[in-house]
Structures are given as C-alpha cells and as structure tokens.
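Results of the structural survey
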Amino acid sequence: MNNLADDIISVFLTKQAHVLKDTELSTILASQGIPCLSSDIRRHVQLLSPALFQSTSNPDGTLAIRLDPKLEICEDFLGSRCRTEAKTCDKLHICRHFEGSCPTPNCRFPHNFNQGYNRKLIAQNNCQYINPVLLIKLLRQSKSLSIHASTRKPRGKGARGGRGRNRGGRGRGRGRNFAHQISTRSKNDPNRQLDVSFPSSILAPQLDMEIIEMILERDDVDKLLEIPVINHDGVAIKFKRTNHIIDKRSFLLKTAIANESEKITEPRFALYISTLVGKGVQSHTQDLSSDNEQIILVKCDNDLDLTQVRQAHESRPQLYGKHIALVQIYECDTLEIHYNEDNKSITNTDLQAIFRSAWNDIFAYNFPTDDCAEVEFISVNAFKQWMSTSEFTENKFDITISPIIDNVDENNVARSVIEQPSPININTCSTTTHAFGDRTHQTKIKLRSEWALIVAHSKFQLEYKAFIHSEFGGEVTVNGDEAIYRGSFPSHIRDSSNEVTLGNKTHDFMKQFKYQTMFNLTQDQIDILRDKSADLAHKRLNEHDYLVAVKLKDMAELKRTMFHRHKLCPSTEQLQPLMQRHSIQSNFSRSSSTLSLNSDISENLSQRSSIGYNLSTYTIYSLEQVIMFSIERFEDRLRQYLNGTFHVKLVFERKYFNEKTKGTKPCISIKMTGSENETQNATDELNNLFSSKQTKRFDEETDGTWTNVIDAIEVINYHFKLIDLTCICEQASPGVVIVHYFDIANPQFGIDEQQIDDIVRDKFQSAVVNFTLQTSDSIFNKEWGDLQEKLLKRNDYNKKICFATQSNMIYLFGLPELVKEYREKFEQLKNKHEPQPYKITLTDKQLIYLKTVAKGDLSKLEKRYKPNGCDISLVRLRQHGEFIAPPDLHSKIKDSLDELTKIEEISFEVTEQGFDILVSKDLERLYHIAKPKCYLEKSIEICREHIPIPTARIADLDDGVNQKSTIASSASSRVTSVTIGHSTVTICIGDLTAQAVDAIVICSSSQYLCKAIVEKAGSAVVKEYATLRSKEEFPSTATAGVLPCKKIFFIPWSADSHDDDDIKTSLSTFIATAFLFTNSDGYKSIAFPAVGCGGFNFAPLTIAKYMLHEIREQLRVSKQKMNISLVLLANQQDVYDAFIQRLNELVAIDINVNQKSPSKIKQDKSTIPYDRKIVKITLISSTKDQLMKCKQEIINLARDFSVSTKLTNKRDMLDWSQKTIYKYYEFCLKQHVIPTLDLDNVILELVGTKDAVHEAEKYFYELTNETLKQERIHAMSRGVIWSVELLPNSDTWEQYSFKLNGIIEDAYLKHRTEIEIYNDKDEKCRIVFATMLEHGLQIRRVRRKPVNSILPSTWDPSDHNCKRVTLSSTSSEYQNILSQFHITMLGKYSQIFKIERIQNERWFKQYDAHREDFKRRYEKLDERQLFHGCTGTATSQIIENCFNRSFAGVNGNLFGFGVYFHAQASYSHNYAYANSAGERTMFLASVLIGKTCKGDKDMKTAPTGYDTTTDGQHIFVVYHDAGVYADYLITYK
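The structure presented is a predicted model; accordingly, all values stated were derived computationally and were not measured.

**Remarks on the sheet that holds strand β48 (residues 1202-1208)**
Strands in a sheet are paired, the pairing made by backbone hydrogen bonds, and the direction either parallel or antiparallel. Taken in spatial order, the three strands make up an open sheet running β48-β50-β49, and their pairing is antiparallel. Each end of this open sheet is capped by a strand with a single partner; those strands are β48 and β49 (1234-1238). Direction aside, the axes of adjacent strands within the sheet are offset by 10° on average. Lying over the sheet, helix α41 (residues 1218-1230) contacts β49 and β50 (1243-1249), oriented at roughly 150° with respect to β49.

**A word on helix α3 (residues 38-47)**
Taken as a whole, α3 has its buried residues at Asp-40, Ile-41, His-44 and Val-45. All buried residues of α3 project into a common sector of 130° when viewed along the axis, lining one side.

**Re the pattern of salt bridges**
Across all of its chains, the model carries 69 salt bridges by this definition. Here Asp-699 and Arg-697 are joined by a salt bridge, their closest N and O atoms 3.3 Å apart. The class of Asp-699 is buried, set by a relative accessible area of 16%. Taking the relative accessible area as the measure of exposure, Arg-697 reaches 48% and is therefore partly exposed.

**Side note on the nonpolar core**
Within the largest apolar cluster, 43 residues are counted, with the highest numbers of intra-cluster contacts made by Phe-1088 and Phe-1139. Sequence-distant contacts of Phe-1088, defined by excluding residues within four places in its chain, comprise Leu-992, Val-1001, Phe-1070, Ile-1071, Ala-1074, Phe-1075, Met-1107, Ile-1111, Ile-1124, Ser-1125, Leu-1126 and Val-1127. Judged by nonpolar contacts, the second largest core, of 41 residues, contains Val-739, Ile-751, Leu-787 and Tyr-811.

**Observations regarding the environment of Glu-937**
Of note, Glu-937 is situated in strand β38 (residues 935-949). Taking the C-alpha atoms as reference points, Glu-937 and Ile-1177, 240 residues apart in sequence, are found 5.8 Å from one another. In this structure, Glu-937 is in contact with Ile-848, Lys-1176, Ile-1177 and Thr-1178, ignoring residues within four places of it in sequence. Looking at Glu-937, its side chain comes within polar contact range of the side chain of Tyr-935, at 3.3 Å.

**Observations concerning the sheet that holds strand β47 (residues 1166-1181)**
As summarised here, the arrangement of the three strands in space is β37-β47-β38, forming an open sheet in which the pairing is antiparallel. Only two strands of the sheet have a single partner each, and these edge strands are β37 (904-910) and β38. Here the average twist between neighbouring strands, direction ignored, is 15°. Pairing of β38 with β47, which is carried by 15 bridges, proceeds in the antiparallel orientation. Counted as the bridge partner of Cys-943 is Arg-1172 from β47.

**Side note on unusual backbone geometry**
Residue Pro-50 is reached from Ser-49 by a cis peptide bond, and omega for that bond is 0°. Positionally, Pro-50 belongs in the loop between α3 and β2 (53-57). The backbone of Asp-398 shows a phi angle near 55°, a positive value even though the residue is not glycine.

**Things to note about the packing of helix α35 (residues 1007-1017) against helix α36 (residues 1019-1031)**
One can describe the packing of α35 onto α36 by two numbers: an axis separation of 8 Å at closest approach and a directional angle of 145°. Residue-level inspection shows Gln-1007, Cys-1010, Val-1014, Glu-1015 and Ala-1017 of α35 in contact with α36, the latter providing Val-1021, Val-1022, Tyr-1025 and Arg-1029. For the contact of α35 with α36, the residue count by class is six nonpolar, one polar and two charged.

**Digging into the side chain of Asp-998**
Looking at the element boundaries, Asp-998 is found in the loop between β40 (983-989) and β41 (999-1003). Given the relative accessible area of 12%, Asp-998 is considered buried. For Asp-998, the contacting residues outside a window of four places in its chain are Cys-1045, Lys-1046, Lys-1047, Tyr-1083, Lys-1084 and Ser-1085.

**Here we look at helix α26 (residues 779-792)**
Between its first and last C-alpha, α26 extends 20 Å over 14 residues, near the 20 Å set by a 1.5 Å rise per residue. Inspection of α26 places Phe-780, Trp-784, Leu-787, Gln-788 and Leu-791 among the buried residues, and these make up the whole buried set. Each buried residue of α26 lies within a common arc of 100° when the element is viewed along its axis, so the set occupies one face. Buried-residue contacts for α26 involve β32 (765-770), β33 (801-806), β34 (809-814) and α27 (816-833).

**A short note on the side chain of Ser-669**
Among the structural elements, Ser-669 can be located in strand β28 (residues 663-674). According to the relative accessible area criterion, Ser-669 is buried, its value standing at 2%. A polar contact of 3.4 Å, which involves the side chain of Ser-669, links it to the side chain of Thr-619. When sequence neighbours within four positions are dropped, the list of residues in contact with Ser-669 reads Thr-617, Tyr-618, Thr-619, Val-651, Phe-652, Glu-653 and Lys-655.

**A few points about the pairing of β49**
Bridge count for β49 against β50 is five bridges, and the pairing is antiparallel. When the sheet's bridge partners are listed, Pro-1235 is paired in β50 with Leu-1246. From the end of β49 to the start of β50, which pair antiparallel, there are four residues, and Val-1242 there has a positive phi angle of about 45°.

**Here we look at the packing of aromatic side chains**
On inspection of all chains with the given rule, the structure shows 56 aromatic pairs. Geometrically, the ring pair formed by Phe-764 and Phe-813 is tilted, given 5.1 Å between the ring centres and 40° between the ring planes. Here Phe-764 is found in the loop between α25 (753-763) and β32, whereas its partner Phe-813 is found in strand β34, with 49 residues between them in sequence. Across this residue pair, the class does not change: Phe-764 and Phe-813 are buried. For the pair Tyr-1025 and Phe-1050, a centre-to-centre distance of 5.1 Å together with 35° between the ring planes defines the contact as tilted. Of the two residues, Tyr-1025 sits in helix α36 while Phe-1050 sits in strand β43 (residues 1047-1051), which places them 25 residues apart along the sequence. Accessibility expressed as a relative area gives 8% for Tyr-1025, which makes it buried. What links up through ring pairs into an aromatic cluster is the set Tyr-618, Phe-629, Phe-634, Tyr-641, Phe-646, Phe-652, Phe-690, Phe-742 and Phe-749. Stacked on the ring of Phe-1414, the Lys or Arg Arg-1417 has its end atom at 4.8 Å from the ring centre. The lysine or arginine in question, Lys-1491, covers the ring of Tyr-1506, its NZ or CZ lying 5.0 Å from the ring centre.

So, how was this worked out
- Counting from 1, residues in each chain are numbered in the order their sequence is written.
- Whole-chain, interface and lining totals are the exception, using all residues; otherwise, since this is a predicted model, local features are given only for residues with pLDDT of at least 70 and side-chain atom pairs are given and counted only at 80 or more.
- Neither water nor hydrogens contribute to the side-chain values; these are computed over all heavy atoms in the structure.
- Any two strands with at least two DSSP bridges between them are considered paired.
- Per the convention used, a helix needs a DSSP run of H or I reaching at least four residues, while a strand needs a run of E reaching at least two, with both numbered from the N terminus.
- Axes here refer to lines fitted to C-alpha atoms; in helices the fit is confined to the stretch in contact. Angles between the N-to-C directions go from 0 to 180 degrees.
- Pairs of residues are marked as contacts when any of their non-hydrogen atoms sit within 4.5 Å.
- Three exposure classes are used, based on accessible area relative to the maximum for each residue type with a 1.4 Å probe and protein chains only: buried under 20%, partly exposed in between, and exposed over 50%.
- The directions considered for the arc are those from the helix axis to the C-beta atoms.
- One side-chain nitrogen of Lys or Arg within 4 Å of one carboxyl oxygen of Asp or Glu is enough to make a salt bridge.
- The criterion is simple. A nonpolar core is a set of buried Ala, Val, Leu, Ile, Met, Phe, Trp, Tyr and Cys residues joined through side-chain atoms within 4.5 Å.
- Pairs of N or O atoms within 3.5 Å make up the polar contacts considered here, provided that, within protein, one atom can donate a hydrogen while the other can accept it, and that residues adjacent in sequence are counted only when both atoms are side-chain atoms.
- Just so you know the grouping, Ala, Val, Leu, Ile, Met, Phe, Trp, Tyr, Cys and Pro go in nonpolar, Asp, Glu, Lys and Arg go in charged, and all remaining residues, Gly too, go in polar.
- Given a helix with a known number of residues, its expected span is that number minus one, times 1.5 Å.
- Stacked, edge-to-face and tilted are the three classes for Phe, Tyr and Trp ring pairs, Trp counted by its six-membered ring, which pair at centre distances within 6.5 Å; planes under 30 degrees apart are stacked, over 60 edge-to-face, the rest tilted.
- Charges are assigned to positions over rings by a cutoff of 6 Å between ring centre and Lys NZ or Arg CZ, combined with an angular limit of 35 degrees from the ring normal.

Interpretation note: all reported values are geometric properties and have no functional meaning in isolation.
Here it is in structure tokens:
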C-alpha cells in the first residue's frame, strides 16, 4: 500500500493534474511497470480521503479522483505569525526548504514529521507511511492548481466569463489576483488589480505565497507594471493588469442560423459594415461562424468611435430579416495552439520550443486538453510582435495557431471566440477535470421545427433533459420551440457564447434521429403512426402528408411495417428526380431557334367516353411552357393537384409535331378523364397556370461573364431543386440565361421573382482567370488540365460549382467559397508557371564575378530554366536588377544565384621589387593564375620613398684608414635608434619643428614653447592657436602651416608633484592622447619633445623612464608599424644621456626591443628619392580557400620574379668614397633594384628582378675594379711593396694586396706609430712601424721594399702605362701563341682575327716583384702559361686593372673563390662567350702556381702554406692580384 500510494502521488505530480480517473491511473502505472487494478487504486484513494483526495463516480462506471486535500501547510508559520505552542493550528509546520537542502545552518523549522504536532496531524490523516517529500510537493501543487481553478477573480469591467483560464497549466505558474491581499489597494477598483504568474512549487520550491505578498506590499501597481518581470532568487515573477482594454478597432457581428443556407452573404455584410463604421474607414472581416450562429469579426485600420458604431447599429439592427447583434471585444493577448496531426499531444517542452524567442513574454499557459494549449502573453504588444511571424511558426512546427478573442456582452461578461469556423466538440469527461467558471444564468435558444417536434415528444424530451444535465449539470426546460437552460457552463468550453454552447450540444443530441416527410399516406398507414407514437414523433403537414422523426435504428423497421401490405414505398419514394440533369434539348431533339414559335398555341380536345366520362386533351406547344415539364416532380405534383382538386385522371404524353417553316417541335399532351365539369375546371386551371408562365433574363452585360458558362444552368437548377422551387434555368444563347417560372399569383406553383434573384445573383459567385497557353507538352498545360479534370470529377460538380473555357480564359461559377478556392488554385497555378520579374540586388562586384569567373555556371543555369520561359541573362541582371521566371521557381533561382554570387573578397599589396614590371608587361600571366577560380583587379600605386645612403668609411684613398679615432667619433653620434616590434624609436638632438614626420607634439602647458613653434609655422597657425587658447580647447590639433610635418598636436601636461606615480600617470595620459590623435588620423610617424626637462625642472632620468615606458606600451597595444622620434635640444646633452641610459635599460629587460651598437648606427648624411611601385591586388571568389590559394600563387609568382642576392665578405666596399656609393645607389634604383650596403658586416644585398640584380651585381664589380685600379696606381706610384711573413721567423714572405699596400704606405709616410687593419684573411691586425711587426693572431715580421722591375725586351716602347700591341701573323711570337691555342682548339674555331700583346707596366712590375718573392721561397719556380676565357666586354677591364677577385664565383666556385685558369684552350673556350658578331676572346697568361693543393667551394683564400688551389689536373685558382699577368689576348671566331 505504501509504495502504491507514493506511485499514485507521483503520477499526479508528473502530470500536474487536478483530476484523474482510476482507469487512467492504472494505465499510467502499468506503462511504468507497476501492475495494479482499478480496484487497488480505489482502495488506496479511499484510505487517503479526505486527507488528500476526493472521489466521485462517473456515469461510465469510472471513478474521478480529484486532488483536494484537507491537509494543508501553515503559511503563517513561515512568517512567524503562528505559534506551535498554542496547539490551535491544524496545519503542517515545516521549513520553506523542506523538499531540498536547507541553506540555513541549524534551521529551527521542522524538516520531517517524526515529532511534535506534525507527527500527530500526519497520523490522523493516515499519511504517516507516505514519502514526506512527495506529500509536501503534492500539497504545494494542489495549492497552485486551486489558485487557477477557483481563486482567480474575473476582470473588473472586462471580466472573462467565456472560459476559465487555467494560467500556468503544467508547470508554468501559479497565477493569482492579489488585490484583496494588499491593504493599500481597493478591491472594488479593477484598475488597481493585478494578475501574478510564477512557477509552481515543483519548479521553484524556494518561492511561496508569503514572498509574493511581501514583494507586492513594497510597490504600487503602477511601479510593478513599469517592469512587469521581477527576478527573485533566480525565479521570474510576472505581473499584468487584471482589467482588460477594449479593442477600439474591432467588434463582432452575430446572428442565429439554422443551417449553412441561412447565412448572410459576405457582400451584404460588407455593405452593412460600411453603414456602421462609415465609408471612409477601411475594414477587413473574418468568418468565425459555428453550426447555429454566424459570427463575423470586423477589423478596422483606424480607431473607431464605438458609440457612433453602436448608435448606427441600433438604428438598423436587422439585415435581411435577421437580427444582428453587435458585440465589443477586448484587445487580444491569448492564443490557442494544437498540432495539425490528429490526437497528437502537446507538452510543456513543445511550448518551450515553439515560443523559444518569446519565452520571457509568456505570462501563463494552460492545457485544457492533451492536444491543445492556451498561451497568454504578458502584454498585447508582445502578443502582436510574436503573431507577426506566426505563419512561419505554423509551417515550421506543423501547428495551427488561433487567437482567442474575449468579447463583452451587455452584462459586461467576457466571452471567448476561437478563430475557427467549426464549433469545438465538448469532451464529456473533461467536465469533471476542470473547475467551473462564473457562467451561471438563464440561456435560451430557438429550436428548429424538427428539433421542436422531437422535444415535444414526452419520451424524447426526458432523454434530452437528461443529456443536457449530464453535459452541463444544469436543468433545461422546453417551451414550444424554445429550450431554456438554467445553470453553469464548464469554464473550459471555448465557444463564442452560452447560446452557441447549448445549441451545439442540442445538435449533438439530435444526431440520433432521422426525419422523413411522407406523402399521400393511407388511413392504415396513419393508424400505424399513431400506434407507434410512443417511439416516434410525427406531425401532420396536410390531410395525407406527415413529418416523421424516429431514431436512426428504428427507421427501417417503421418503413417495412407501414408499406409491406401495399408493396410500395411512400410517395416520397415514388417521385422521379426533382430535375433532369440535362436541359430540355436532351428530352426533345429540337433546335433552340424554335423557342418563340406558336408560344400561345394550345389545343383542347374533348370527347365523351362511352361510360359517361368525359375525355379532354390539353396540348402545350410553346417551348417555354414545355420546358417546365423538365422540372423534376412537376408532372407528379401537377397530377396530384389536378386529381385531388378536380378528381380527374391524367395521362401525360410527349409528342412531336412538324411545323412547315421550322421543322419538328416537341409538345406535351395532357389527357384528362372525368366528369365534364371536372375536366373543364381542370382545363381552365391549366390555362391559368401556363398563362402565368414568366421568364427572367440574365445576360453578360448586366450579370457578368458567368452567363457564358453552359453548366451554370445545372448548378442553378440544382439549387432550385434543393429549396423546391418550381422553376428551371436554361441558356437561351451565348451570354444569355433564362429562368422559367410561374408567377407568384398562382398559389400552387407560383414563386416570387425575388427568390430567383436571391439564388442566382446572391448565392453564387463567378470569376474569370486569364491565362496564356503554352506548348502542348509544357508542365503548365499538364497541370492546368489536371486541375480541370480534378474539378470535373468532384461529386458536387454541376451542383455547387462548374466551369467553362474559352480561348485563354476559364470561367468559374458556383458557391462563393468553392469559386474562391478554385480561382485561387487556377491563379496560383498560373502565377506558378507564368514568368514574372523578381527583383534581386547584386553588387557590381557580384555582377563582375558572374561575367568572368561564374560565366559558365550562369550559362548552365540559363539553359536549365529556359524551357520554363525564364530570363536569367547577365544583361537583365545588370540592367534591370531582376530575372524573369515563374513564381514557383523564384526561390530556387534566387537560391542558385545567391549560391553563385556568394563571394568572398580579399585585398592585399605586393611589395616585391619589380613585380610592377611583370604586371605592366605580362598581365596575362597574372590573369592566368586567377581566371579559373577568382576575379582579379589590380592597380599600381607610386609611393615616394627616401632610400638612406650609408656614410662612406673614407672620403678618398688618402683618408681611408679605419682608425680608432673614427670609431670613437661614430660612437659619440647623437642619434640612436631601437626597434620595438615592427616600429622604430629614435632619440636625437635636433629641432622639433624641422622634423619631416606626420605630426609633432607640443606641450600646450608651456606657452613659451607653443608661441615659438606656431610663429615658425606661420600666421595661419598663429591665428588657429589663438582661437584654441581663447576657448581652452586642449588637447586639440592644428594644421602645420609651413612646417614639414602634417599636423601639430597641442596636448597639455603637468604633474601635481615630483612623485613618481604622479609623473608616470601624467606622462601616460600625455603619450596616450598623442597616440589617439595619431591613430584617428591614420598617421605613422610622430615626434615628441622631452617634456618637463626645462622650466619644470623634473629629473631627466625620471622623464625618460616613463616616456619610453608608455611609448613601448602604446606600440604594443596598437600593433602598427610606426616611427617615433624623441627630439632633444642641442644644449640638453644631459637629457640625451639620460634617455640613452633608459633606452639601454629597456633593451636589457625587453627582448622585443633591439638596439644596434653605437658603432653600427648610421648617420644618414643623405638619402636618395625612389618611387616605389606597389601593386594592389583585389581577388573575388566563392570561397576563402580559393582566395588564399590564388593569393599565395600570386605572391609566389612575385617572389619568383623578384630575387634577393647577398654578396658577403666584400671588404672592397669599405674603400668606396661617398660619391661612389651614391653613384652605385643611383644606378641600382634606375634598374629598380633596392641596394643595401652594410659596411659594418661588409655585405651587399640586392633586391629586384633577376636580370636587374645581375646588372647591379656586375656594376658593383666594375666600381670595385675601378677603385682597385686607383689603389694600384696609388701604390705603384710610390714604388714600394709591403710584405709579411707567412709564419713567424719563417723568412717566407707574402705581399699585401694593392689596397692594403697603399694604406700601410700612407700611414708610414705620415709617420704614424701604428695602424690597425683587416688583412686579406679578414683578421684584425695592428702594425707597429718602430718594430716592423704585425700583431694579430700571431706576431709576424713585415718589410718594406722598393720596386725595381725590368720590363720584357719584347715590349714596344711607350709613354703610356697600358698599351695593347697587335702581333703580326707572320712573326714567330704570333706563331708560338697560335700553336699553343691550336693544340686543343682544332675544329672548334674557324678564324683568328688577331692576337694582341698586353703591355701594362704597373701590373707587370707588381707581378715581377711577386715572382721574385716566389723565387726566394721555392727552389724551383713553378710558373705556367694558362688560358682564361671571358666576354669581350670584360677584356678591357682586365687589361686595365688585372684579374679582379671581386668577380670570384660569377662562373662557379667549385675549387675556391678566386680567378680560374686552365691549361687547355678548349676548356676556357666554354667561357669565351661570343658577341653579336660571333667574336670570342681568350687570354694567355703567366700564372705563378707556387705551392698548390686540392680546392673546394668553401675556400675564400688558399689554405695556410699554399699559394693556389687546383682540381688536381688542369684547373688552377689564383687568389692574389699579383699572382698572374695577362700576356696575350686572342680574338677568334
């Protein structure tokens, strides 16, 4: 028992239900694996009653178990208002946090039922074995549910009586009206009343009613409504006014109806509404009708004067004989939701998903049934905002959303109308599971005649009263054709009114009955009806006709009993169909052209029969009269009428007569048998009847295009038949329809012409849809034909709707709702397939992308949709901003175009040197990379740069000694730079106003400084500064006037004290403000003064520390490349030293700050302007991957096109004068090569195109050669050779190079005591002239020796240092040289142009001195004649200046970096490149081999102890300028 009781309570908690049946509980528990019978449920519930539950029996034998505990929780106890000692309270005293962990240590409130008064109460209520936590949760839930069901008061003047609103439902909240709880508010003032919503105790156990009351006590209503949601302890508590606002733009119109045909048409209602609201007011209607009440919701665009509307209604309360009720409604803030799938439940989780975006705007919600939810918003505005997207939500979740409208009746009771045309069926079980609202008053409805017949029957009346009582609980009485109900209606019923609710239930009761009108009953049959009157209801219509009502199951038996003796059915079953399906043409083969012939001809024949009866014949020839016999039952009724009135027997014969002029025509012969008087009277009656025959004409001009629809007459005739009108419709001619009828003056068969009008003109509607025929196999034609076929196959075709087609139009005719439905379907189909423009916005870049990259894809898209009549051409997209396509394809094509034009864009700069040349000359190469996948735009911008030129180490050869004094001078330079990230910070001595930067900063607090600077800037700046000063608008900016900068920043600075913190804070603000101005203007360079170091008398070290610190921080934050200068005054050496000291400290502590040594900091004495060309590329593609790939390919191309070459260990550049350096930079920049001469590391870096770099490299060697030539001339003019021992005390000497020879000799002649040099091995050495020793890695002897060489005897006399002598081809000297050349060149040359002797006196003397040194060092001199091939342009340089080792590596360095010679002319031939004339040149030179070894590519000089290197066979590499002499130059082909 204990476990089952807990399980029952768990089900109530889980379902959050107020009432459950025992069978429901059993089923739920069984689904959870807890088998139990309904009897077990009842037994346990009985034990827990009345402590927790109340139970009542249902008519179906089940037990309704209602959660209605007598056991309660004492709320006063929590507020310390109930004393446990009194023993007078019969409620549980527990802690607020009973269900969970209590946050209060040693809480004094009870947390269990084990002791005290709680234990006694629990035992008295048989709850001692129930889980205490479950019990408390159940009691809290019961309180929450009871608040919804009973304590929520109706809204003041606008109270809702139409339905009970269980706000909160399953877990949302416990809505309650607290007006009666708050002393500061009046109960009688609805404007001071609030509705409150908050989560249930299960979801928010920390919240209870006392807390709510305390919150409400603090604030007034208006204050609470200013913020309608209060968060308390993590729980949202929501408020809204109880009083509802009447809608000033909408109202309802209602009238009672018995069936669909009694509805007033929409056009008539529209006219009626216009009289109410006025013609100038735009209105819209919505049909909310049920089975027995027509309800029209009227919505206007503007606010209405409801008083005038009501006055207009009171002046005309009826429309076409029906009373129209006008009902005001409230502004809507509630809606109903249910799934479109039948019987699909809706849950709390579903609501959270549906209202995810507006969950905070939900005030409360309720589940009146499992498959339906009512949701109330916190305000009307929130409701309208969410409803604006309701159509999307309906499609997304497959649901139906219906706003719930609260209307105000004359007694100020709100009733609810749900926006749906059909009434809601009442769940009879639900009446026991929901509380009742305040709807108790008398309700009266008018009964239909059939219903009145049934309720007048004593037995059926009792059943009706019992049925209504079981449904609603009240009592109903019957008074004639009125049913009067007294009692309440269940609050969950959401019909539009109590009358509609009662009417719907009455309709449900009447469904068990069947009605039958029986004609011409015999007396026996009438007696049978009377005998069975206890089980059927009947009413006499005339002498022999009765209306019979009997239960469905009894109708068949009744008919068998009444008619089995006579072997026939009642008259209703003997009659032929009311109307023939086809017009009169189908009965008679006649032409419509004979309609008017002999319209007045009739034939009366009479003869006396032999038995005394008179036989009379009445013949009808007029087609307009004959057609009346096409009306179903007209012939039978005419027979019955004449037989019953005149006692004649009739025979109807259809004949044809031949009219000479117009052919055969049908006629009707009526043969009457009876007394002469009777037949005559009958004949007169026929004459009167057919003379009253009338026609009513409808034509296209007056009545519209429906008259062209042939089948329209079938529809009209069908509805004539439904209401039993004796008339018939036919199409007289195209566009003309005629209705034949008898005048109303005839009492038996006459009808009112207005009835015809009401049916033809008011009941039906027509429509015309124009369409364009397409090809026979088009999709449109197929679907159009399918829709026509579907319409034709309707069961109600030619009854409720029909159509006709003509050319490119389709005419629809029928009931308005069907015509509207199919007009919309045909229009939709037409619109679906008829191409229409669709605007689409594409940017210029998207259009360019379509034109270039996506052109093929666009063509495929055009081809794909062209059969559908689409135009998606680029021309239309570009010129009109649209494409043309059927509407159903709009979204697909738009999606396709969106996908095609979904582009990404990237822009970047290519700064590789020379790339602009490639872009200008070979742009197709760039397009080739981009075109398959990207669209490319390029532009070339010119950026003027000033390339710094390094300072030459020497002014000329006489001042080229790199002495200690020079280094010291460089070290004392007053310009120092460091790099911080990508930026540069420079400290220098100079004039702030002379800085060519973007902006200079001036401390505006120093008026003297400001005045001096603005005066230099010019008068315009003086005026600008005066304006700023007068307004005290500092910090601020001003133009620069005539200064080289772009702007001047005036920024105030001062420190409150000399305290470091004050100084740091003020300087941080000063520097940060300057950077803010710089970044906002997009500047990249700025110059600061050293503030505070002048008249402010702050310590320079302190100022330097915090200024440099803040500059570093600003550069780190901005991450932009900037040039920052700190410009100090010339007389501020101490300030400069302080900034240098702080800068060195910064370098030491921050690895991101890099500083070059002082000796390496260049003082750029000059710069050279260069217009750098930057290529800007913009790429557009569909994906970022393609953009990045294309970008990388372009960058790779630029890098491949631009090369960077480094020439290292080129110490010869140290001997360049400033003029030479400038000359070289000028040459390189003309070739678009960026040179960088690093004199400190003797490195030359060249960046540019491959060919341009090669030319710059060659020019470097030419300038170096020219410098060496000057050095050689300088050295040789002195006639002295300086040499050094190879090894200490070895007496083996090595001559210094020409350059060092001249430097040493210059120092010697200037009587210097010593000199520091870098020898040929790049070793730092010091020569002391007094001891003639070289101090380096070793201490070696040096010597100075005059040159006394003897020139060769074969040389021609000359007064020039260098001369070329062409040898005679017949001389032995010529032949000897030729023979050496010819040995290996046989077959490789065709002609010797000339052989020249080289007579370079200075070169030869140097070589001869070197040879003499070799002779002393080696016992045997190894001197060889070897070949050296070269270009014709290089020969002159070699002849003038000897073989220059600076060109080492140009043609390879496999065996060392030196000058290469070969023993075989054929090998050197490979390097003797031909000129344009095909001529080649080759030297034959004398080479001092000395001691040689195998060389490798890493050798810069010969290894120690060796003079040359070799390949081991024929190649020799010379490293000394004087180690070779070019004897002859051979020019050949």
